[in-house]
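The primary structure of each chain is shown beneath.
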Amino acid sequence: MPIQIKTGDITKEAVCAIVNAANSSCMGGGGVDGAIHRAGGPEILEECKRIRREELPEGLPTGQAVATSAGRMNARYVIHTVGPVWGRCGRPDQCDRQLADAYRNSLLLARRLGCRSIAFPAISTGIYGFPAERAAKIAWQTVQEYLRDDPEMEVIFVFHSERSRRIFEDTIEPSE
Ligand code: AR6
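Here the structure is a predicted model, which is why all the values come from computation and not from measurement. (Residues numbered from 1 in each chain as written. Predicted model: local features only at pLDDT ≥ 70, side-chain atom pairs only at ≥ 80, totals over all residues. Heavy atoms only, no water.)

Colleague: So what about the state of the cysteines? Which residues, and what values?
Modeller: Going through the model one piece at a time under the given rule, you end up with two disulfides. Disulfide pairing is shown between C16 and C115; the S-S distance is 2.0 Å. Between C16 and C115, the S-S dihedral sits near -60°, and the bridge is therefore left-handed. Linking C16 in the loop between β1 (3-7) and β2 (17-22) with C115 in the loop between α3 (92-112) and β5 (117-120), this pair joins segments that are 99 residues apart in sequence. The class for C115 is buried, based on a relative accessible area of 0%. Put simply, C89 and C95 are joined by a disulfide, and their sulfur atoms are 2.0 Å apart. An S-S torsion of about 100° defines the bridge between C89 and C95 as right-handed. Classification of C89 by relative accessible area gives buried; the value is 6%. (Disulfide = S-S within 2.5 Å. Helix = DSSP H or I, 4+ residues; strand = E, 2+ residues; numbered from the N terminus. Buried < 20%, exposed > 50% of the residue type's maximum accessible area, 1.4 Å probe, protein only.)

Put into structure tokens, the structure is as follows:
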């Protein structure tokens, strides 16, 4: 089974790519974004600044992904993606599509980088307020779909609390 679900700090994962729930500025922030920049060190922000200057003067659009190195972390890359802000992404189905795009584009970028392992946080479910159960269904479905094409990719979902991990597991496999 290439999918793992765990509780912990994503910055500690020894995988090829760690996904960051960033914002369109890519300049850091709170939540998991802050934790990744702190753990990885200033090199990540320097690369983000270069990407903004040379490739993304308008910022990273919602649902898209870009990669930097992972600085001091035990990963090779950080894939920065932007999830939708619940309440500012239009109709619920539009928000769902944007969240699915963030997962899919992160996976596709990891593959382009030659990665065989990737760790995801629960994108958009913190400061961006996306309902956790709804996000769980989308994350799970999108990863399953992706794995049909690329079954060798190891995918790890890392939750920051037992509670959020339980919500995820109960949503993808409801108990009777
Ligand atoms: N490891 C794993 N998960 C974590 C960690 C960690 N170290 N720290 C937090 N989480 P959030 P968003 C969980 O708010 O909702 C930032 O300011 C957290 O408990 O980090 O996509 C960005 O710059 C939650 O379940 O991301 C953006 O402005 C999940 O990660 C904005 O927040 C996502 O919460 C993005 O908001």
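Colleague: Give a detailed account of helix α4 (residues 132-149), specifying residues and quantitative values.
Modeller: An ideal rise of 1.5 Å per residue puts 26 Å on 18 residues; α4 measures up with 26 Å between its terminal C-alpha atoms. Looking only at α4, the buried set comprises A135, A136, I138, A139, W140, T142, V143, Y146 and L147. Where α4 is buried, its residues meet β1, α3, β5, β6 (154-159) and α5 (162-172). (Expected span 1.5 Å × (residues − 1). Contact = heavy atoms within 4.5 Å.)

Colleague: Tell me about the environment of Q141, and name the residues and values.
Modeller: Take Q141: it is sitting in helix α4. Sequence separation between Q141 and V66 is 75 residues; the distance between their C-alpha atoms is 22 Å.

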